[in-house]
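One letter stands for each residue in the lines below.
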Amino acid sequence: RLGEASSSFQEAYRLATNGDDKVATHQASQILQNAAQCLLVQGKAAEARALCERSQEICQRLFGDRHGTLALGGLALARCF
């Protein structure tokens, strides 16, 4: 079932970004964080870390350096280590 979830997150991200990885929306960052958690459960910490880092980049660009979203994203990223 985790494989199905991973595929679903990939599809959701593709739809949210129209296939353009340069698109930076809050929805895209949330999808990346959720996909990262799915990867973590599968023991794929390095892949999860990359998604969390991308999510953080998006949130920082959208909300600046002092937004609560970055703190929550930081927690998700910390779980990857």
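Because the structure is predicted, anything quoted here is derived from the model rather than measured. (Residues numbered from 1 in each chain as written. Predicted model: local features only at pLDDT ≥ 70, side-chain atom pairs only at ≥ 80, totals over all residues. Heavy atoms only, no water.)

J.: Please provide a residue-by-residue account of the environment of Ile31, values included.
T.: Here Ile31 lies in helix α2 (residues 26-41). As a C-alpha pair, Ile31 and Glu57 span 26 residues in sequence and 14 Å in three-dimensional space. In contact with Ile31, not counting residues within four places along its chain, are Phe9, Ala12, Tyr13 and Ala16. (Helix = DSSP H or I, 4+ residues; strand = E, 2+ residues; numbered from the N terminus. Contact = heavy atoms within 4.5 Å.)

J.: So what's going on with the side chain of Gln33? Residues and values would help.
T.: Relative to the elements of secondary structure, Gln33 occurs in helix α2. Taking relative accessible area as the criterion, Gln33 reaches 13% and is therefore assigned buried. In this view, Gln33 contacts Ser55, Gly73 and Ala76; residues no more than four positions away in its chain are not counted. (Buried < 20%, exposed > 50% of the residue type's maximum accessible area, 1.4 Å probe, protein only.)

J.: Could you give me a rundown of the environment of Ala50, with the residues and numbers involved?
T.: Take Ala50: it is sitting in helix α3 (residues 45-63). The exposure class assigned to Ala50 is partly exposed, which follows from its relative accessible area of 43%. The spatial distance from the C-alpha of Ala50 to the C-alpha of Gly64 is 20 Å, given a sequence separation of 14 residues.

J.: Explain helix α1 (residues 2-17) to me, using residue names and the numbers behind them.
T.: When the terminal C-alpha atoms of α1 are compared, their 22 Å separation across 16 residues agrees well with the 22 Å that a helix rising 1.5 Å per residue should span. Taken residue by residue, α1 has Ser6, Tyr13, Ala16 and Thr17 as its buried positions. End-on, the buried residues of α1 take up no more than an arc of 90°, which puts them together on one face. Among the exposed residues of α1, those oriented more than 90 degrees off its buried face are Glu4 and Leu15. Taken together, the buried residues of α1 touch α2 and α3. At the C-terminal side of α1, Asn18 shows a positive phi close to 55°. (Expected span 1.5 Å × (residues − 1). Arc of directions from axis to C-beta.)

J.: Tell me what's going on with the state of the cysteines, and back it up with residues and numbers.
T.: As enumerated under the stated definition, the model contains 0 disulfides in all. Considering cysteine sulfurs only, Cys52 is the nearest to Cys59, which forms no disulfide, with 10 Å between them. When its relative accessible area of 0% is taken as the criterion, Cys59 is described as buried. (Disulfide = S-S within 2.5 Å.)

J.: Talk me through the nonpolar core; I want residue IDs and the actual numbers.
T.: Membership of the largest hydrophobic core is limited to 8 residues, which are Ala36, Leu39, Leu40, Ala48, Cys52, Ala76, Leu77 and Cys80. Going through the elements one at a time, α2, α3 and α4 (68-78) are the ones with two or more residues in this core. For this core, the element with the highest residue contribution is α2, accounting for 3 residues. Among all residues touching Cys52, those that are not within four sequence positions of it are Ala36, Ala76, Leu77 and Cys80. One finds Ala24, Ile31, Leu32 and Ile58 within the second-largest nonpolar core, a separate group that totals 7 residues. (Core = buried A, V, L, I, M, F, W, Y, C linked by side-chain atoms within 4.5 Å.)

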